[in-house]
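Residue-level structural notes
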There are 2 protein chains.
Amino acid sequence: MNYKESHTLILNNISRFIDLTELEKQKYTSLLTEIKVKKKDFLMQAGEVTKYEYFIVKGCLKVYTLDENGIPHISMFAIEDYWTGDISSFTTKEPSRYYIKATENSELLGISRVNYKILFQEIPKFERFYRILYQRSLVSYIRRSNHGISLTAEERYINFKKKYPKIVTRITQKDLAAYIGITPEFISKIISKVNRM
Amino acid sequence: MNYKESHTLILNNISRFIDLTELEKQKYTSLLTEIKVKKKDFLMQAGEVTKYEYFIVKGCLKVYTLDENGIPHISMFAIEDYWTGDISSFTTKEPSRYYIKATENSELLGISRVNYKILFQEIPKFERFYRILYQRSLVSYIRRSNHGISLTAEERYINFKKKYPKIVTRITQKDLAAYIGITPEFISKIISKVNRM
DNA sequence: GAAAAAAAATGAACTAGTTTAAGACTTTTA
DNA sequence: TAAAAGTCTTAAACTAGTTCATTTTTTTTC
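Predicted, not measured: the structure shown is a model, and the values here were computed from it. In every chain, residue numbers begin from 1 and rise along the written sequence. Chain labels run from A onward and ligand labels from 1 onward, assigned in the order the entries are written. At least 70 in pLDDT is required for a residue's local features to be given in this predicted model, at least 80 for side-chain atom pairs to be given and counted, and no such filter applies to totals for whole chains, interfaces and linings, which use all residues. Heavy atoms from the whole structure form the basis of all side-chain values; hydrogens and water molecules are not counted.

1. Notes on the protein's contact with DNA strand C
Counted only if it meets this: Near residues are defined by distance, with any heavy atom within 4 Å of the molecule or strand qualifying the residue. We call two N or O atoms a polar contact when they sit within 3.5 Å, provided that within protein one can donate a hydrogen and the other can accept it, with sequence-adjacent residues counted only if both atoms are side-chain atoms. Each residue gets one of three labels, nonpolar for Ala, Val, Leu, Ile, Met, Phe, Trp, Tyr, Cys and Pro, charged for Asp, Glu, Lys and Arg, and polar for the others, Gly among them.
As a structural note, the neighbourhood of DNA strand C is formed by 16 residues, with Gln173 and Lys174 of chain A together with Lys39, Ala153 and Glu185 of chain B the closest of them. Sugar and phosphate atoms represent 71% of those atoms of DNA strand C found within 4 Å of the protein. The side chain of serine 188 of chain A places a nitrogen or oxygen atom 3.0 Å from a phosphate oxygen of DNA strand C. In this structure, a phosphate oxygen belonging to DNA strand C sits 3.2 Å away from a main-chain N or O atom of threonine 183 of chain B. Broken down by class, the residue content of the surface near DNA strand C amounts to three nonpolar, six polar and seven charged.

2. Overview of the pattern of salt bridges
Residue and element names in this part refer to chain A. In plain terms, the rule: Only one rule defines a salt bridge in this text: a Lys or Arg side-chain nitrogen within 4 Å of an Asp or Glu carboxyl oxygen. Put simply, DSSP H or I for four residues or longer makes a helix, DSSP E for two residues or longer makes a strand, and each gets a number counted from the N terminus. A simple rule labels every residue: compare its accessible area, found with a 1.4 Å probe on the protein chains alone, to the largest value its type can have, and call it buried under 20%, exposed over 50%, or partly exposed in between.
For the structure shown, the criterion picks out 20 salt bridges over all chains. Notably, a salt bridge pairs aspartate 81 with arginine 16, separated by 2.4 Å at the nearest N-O pair. Within this pair, whereas aspartate 81 is found in the loop between β5 (72-79) and β6 (83-84), its partner arginine 16 is found in the loop between α1 (3-14) and α2 (22-30), the two being separated by 65 residues in sequence. Its relative accessible area of 26% is what places aspartate 81 among the partly exposed residues.

3. A closer look at the nonpolar core
Considering soluble globular proteins, one finds that nonpolar side chains tend to be buried as a cluster. As a reminder, the rule being used: We define the nonpolar core as a collection of buried residues of types Ala, Val, Leu, Ile, Met, Phe, Trp, Tyr and Cys that are connected through side-chain atoms lying within 4.5 Å of one another. Contact criterion: two residues are considered in contact whenever any of their non-hydrogen atoms come within 4.5 Å of each other.
Tyr28, Phe126 and Tyr130 of chain A together with Tyr28, Phe126 and Tyr130 of chain B are the most contacted members of the largest nonpolar core, which totals 86 residues. Looking at this core, the element that brings in the most residues is helix α5 (residues 125-150) of chain B, giving ten residues. Apart from the residues lying within four places of it in its own chain, the contact partners of tyrosine 28 of chain B are Ile10, Leu11, Ile14, Trp83, Ile111, Leu119, Ile123 and Phe126 of chain B. Listed in part, the 22 residues of the second largest apolar core include Cys60, Phe160, Tyr164 and Val194 of chain A.

4. Points about the protein's contact with DNA strand D
The environment of DNA strand D is formed by 14 residues, the closest being Lys39 and Ala153 of chain A together with Gln173, Lys174 and Ser188 of chain B. Each atom of DNA strand D within 4 Å of the protein was classed as base or backbone; sugar and phosphate made up 74%. At a separation of 2.7 Å, a phosphate oxygen of DNA strand D approaches a polar side-chain atom of lysine 39 of chain A. Within the contact set of DNA strand D, a phosphate oxygen lies 2.6 Å away from a side-chain nitrogen or oxygen of glutamine 173 of chain B. Sorting the residues of the surface near DNA strand D by element identifies α9 (184-196) of chain A together with α8 (173-180) and α9 (184-196) of chain B as the ones contributing at least two each. With three residues, the top contributor of residues to the surface near DNA strand D is α9 of chain A. Looking at the surface near DNA strand D, its residues break down into three nonpolar, five polar and six charged.

Structure follows, in structure tokens:
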């Protein structure tokens, strides 16, 4: 995908919450970096300090931690038109605990820490954009944290399929298990049970 | 607590992220409503559309849902200097699924939906305040949702005690169980085990 | 397009957490 | 301050989800 196309995508995403003038659009896109990452490659690894916040133009990635037994726990899948990264490390400059790995060849736009600051100084409207973006993410993470402790694995699986029909077809069962918080063996059982119903 | 004291508290909280002039402080506090709620009373119930976002001046409250079996799942405890409410219902005007109940006599400051809008129009700096506030909440809910699906109940209990030492002494074991996502019986076992260690 | 690697399925033995029930202790209320 | 209501503890029987081991199926790689 060329510059123009990916800039159109990201500007469309932003225009859901704030209106920008042509000048502001130009200023904004000038602060972005194009990033490509091949299937199976890391965008970022635990221990590093996150350099960017990302917008996905094309592809699919998974964000995960490894626990002390080396078991992966996926915190999100990101596909086209999603934002991802590690806001915690990005804002505190502390080393991240997350890995971000491409599950397909992917194209992203990144904004660096320095440019993120410049953005707020030069186009304060972006405070509003991020206020709304975070507000919405917050709502979904509050719900997810509730579901994690109150629903059965089968209910969480059914919810995921309903909520993310586009994602479920693009990821492996194993990764879905790591997102739901169960073993690959158990998700296999759940799926064959659900299909039998 | 009188107006002055509670206004000082909320302004101190806000000054961690943004600086306000005297005039802005006056404008801001004029948009707030004082609310008192007695122990065991509801600040809000499921089915209602949330009218306010709240800041706790004094007391302790729990925010929870009831599942289809009538079992409560607590999504947060809020004490002095915390913000609470249901941003989802507050912003979408859809009926909330949450109950907010005082576990102690409590005093709050509320901002109504109308005043929240006025606030952003008149003091746009508040976009920044809420951007940062939501950003930070988001970090902790992302972590919580990961912990919910990846840690054992015992680990979640130990984490809670470490992270919220001030809260753990003020709530019942039963409510802590409803937060951790286990039965009161099982938390009782965990606690006696942890104490024996 | 064959070989290697990874993902998915299945099953048996196991463990973390639930359910139910009963008794002891603590707090609330009249 | 006594009675009632709610909270906490303990224990036995149960169930959702894990672990480990093996086979089959699919995907990747050269």
